[in-house]
Structure formats: structure tokens, C-alpha cells
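# Secondary and tertiary structure notes
One-letter residues, chain by chain:
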Amino acid sequence: MVRWLGPSYRPSPFPNHPDCGSPAVDVSRSIINGTDAPAKAWPWVAILSSSNAICVAILINHSWLLTAAHCVHDYHTYTVTLGMNTINDFRNNPNIVTRKLAFKKRHENYNKRSIWNDIAVLKMQTPVDFTDYIRPICLPFRHIQDDKHCYVAGWGFTTPHGVYPKTLQQLKTYFFDQSLCYYIWNFFTLPPNDKQFCMGIPEGGGECRGDSGGPLSCSRDGRFYLVGVHSFGARNCIANYLPPVYTKVYAHLDWINEQIKTHNELN
């Protein structure tokens, strides 16, 4: 059973594309304990790279992406890579597209210490066409909480010691008790607020370095919705007593809409 949590219904900030959240393949199953994702499974997952860092970005329409605020810095130049499933195919795969950024903005209330409001918008210099390998995820109209149909995907370390995967990794994950989430993290940093939430798996594992900014994709009625953006977790990536923390996308819909609207009006 799917539970949609939050206040009464309100639409996404801009219309979702008809093909949003619909991979071209069925999804049935640096992510620790993850598995290789089949091609076309997560077509909204992009690599956000600079000269000294790698994160994940999430395609939401032809021109715009979301990521974590801590992945974005004013003095860095970034490249977005979409449509890639295996690094070995990078040079010869016609399904892969790269773009430079025309605009990037972190949430103005992002707090580096508490890691609150850890979200940013990105606009590519040139829009992308949608294919089986490149498609947007749907933005939510409420906060979804469903332990049966939520997945994370990313390009981060697959071991705590720093090994990047050759193939995009995927992992089924579950909502962590939020009261316990706040209690645990209160010992290590400021506790998550109501615009954040925890996920995790009983045996530990999950996102690691390089997975920041990645999507928590939850399915409803045959489509995937962007429920969360990965923010932070345990330093060693496998401590099951420290569940990964996500920024709640639904709580930031108005902010996302305002950034896109303002930028488009000025340019």
C-alpha cells in the first residue's frame, strides 16, 4: 500500500512530461551492496562532474536538473553526462550526451553545518532530447512513503575504501523510522528537520562518496517520482546505525519552481 504524506494535494511546479518516470525496461530489483543496473533502467540519473569532484544530478525536464547543494560551488565548472550505463562505453556510445551548465544555484538557506536545505537547481546550456536512455523523473505532488517500491541509483564508491563502479549501481531501500532517525543523528550533527528524512536497509550499506545528489525514486501507478535527493550518510558508508539522509523534494517544490521561473523570465 502506498501512502502519500503531507498537506492536501497541489500540483507539481510545472507540468510533468508525459514520459516522466517511465523507464524503457522493467525495474524489479557508490552504492554499497548494490547491483549493476540494466541499461535504460534509470534514465534520469546523470553524472555531475568537475575537475575535482563527482556527484549525481537528476533530470526533471529538457533543460533542468536537481542535485545536492553541497555538490555545487560558484568557482567550479561542471559537465553533465546523461544516458550512460557503463563507463567502458563512454567514447563510442551514441546514447550518451554531455552538456555544460548555463546556470546553477544552491538553495540560499543551505546550511553547511546542519546540511539543511541541501538542494540545488542546474540548467544545461543546450536542452536534451528524450530517448529510452534519457528521460526525466516525475516531480511529486505529495510526499510518498512506500517501503516496497523505492530505489536509489548512483555512480559512487562501491566499497568504503574507494572503488568506483564501471556500471551504474541500483539498490532497493526502505524508509527508516523518522523519530529514530532524528534521535540517532542528533548525536553526530544537528538532527534532520521536517524537510529531510532517512532511508536504509537492515544489513547496512547504501550511498557512498560520489552518490550525493542522487535520486530516491519511488513508484506509484507505474511511474517513478522523485521523493528525495541524497544529502549525507555515515562516513564509512556502511554503518547501519547511521541511516542515509535525504532532502525532501516535495517540501522544496515552490523553491524549485521559483528558481526556474525567475531564471527563464530574465533570460
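Now for empty space enclosed by the protein. Approximately 100 Å³ is the volume found for the largest cavity. Looking at the largest cavity, the residues that line it are Pro38, Ala39, Lys40, Ala41, Trp42, Pro43, Val45, Gly83, Met84, Asn85, Tyr133 and Leu168. Residue classes in the lining of the largest cavity are distributed as 9 nonpolar, 2 polar and 1 charged.

On to the state of the cysteines. According to the stated counting rule, one finds 4 disulfides in the structure shown. Covalently, Cys20 is tied to Cys138 through a disulfide, its sulfur atoms 1.9 Å apart. Disulfide Cys20 to Cys138: torsion about the S-S bond roughly 90 degrees, handedness right-handed. According to the relative accessible area criterion, Cys138 is buried, its value standing at 1%. In this model Cys181 forms its disulfide with Cys198; the gap between the sulfur atoms is 1.8 Å. Here the disulfide of Cys181 and Cys198 is right-handed, its torsion about the S-S bond being about 50 degrees.

The next thing to look at is unusual backbone geometry. With phi around 65 degrees, Ile115 is a residue other than glycine that occupies positive phi space. By the secondary structure assignment, Ile115 is in the loop between strand 7 (97-106) and strand 8 (120-124). Assessed through its relative accessible area of 17%, Ile115 is described here as buried. One non-glycine residue, Asp221, adopts positive backbone phi at about 55 degrees. Among the structural elements, Asp221 can be located in the loop between strand 14 (215-220) and strand 15 (223-232).

A separate point is the pairing of strand 15. Of all 10 residues in strand 15, 9 are buried, a share of seventy percent or more. Judged from the 6 bridges that link them, strand 14 and strand 15 form a sheet pairing that is antiparallel. The residue of strand 15 that forms the bridge with Pro215 is Val229. As consecutive antiparallel partners, strand 14 and strand 15 are separated by 2 residues, and within that stretch Asp221 has a phi angle of approximately 55 degrees, a positive value. Note that strand 15 and strand 16 (residues 245-248) share 4 bridges and pair antiparallel. Looking at strand 16, one finds that His230 is bridged to Tyr246.

Thresholds applied
- Residues numbered from 1 in each chain as written.
- Predicted model: local features only at pLDDT ≥ 70, side-chain atom pairs only at ≥ 80, totals over all residues.
- Heavy atoms only, no water.
- 1 Å grid on protein atoms, 1.4 Å probe; cavity = no way out; pocket = protein on both sides within 12 Å on 5 of 7 lines; lining within 4 Å.
- Points joined across faces, edges and corners; volume = space filled by probe spheres on them.
- Nonpolar A, V, L, I, M, F, W, Y, C, P; charged D, E, K, R; others polar.
- Disulfide = S-S within 2.5 Å.
- Buried < 20%, exposed > 50% of the residue type's maximum accessible area, 1.4 Å probe, protein only.
- Helix = DSSP H or I, 4+ residues; strand = E, 2+ residues; numbered from the N terminus.
- Pairing = 2+ DSSP bridges.

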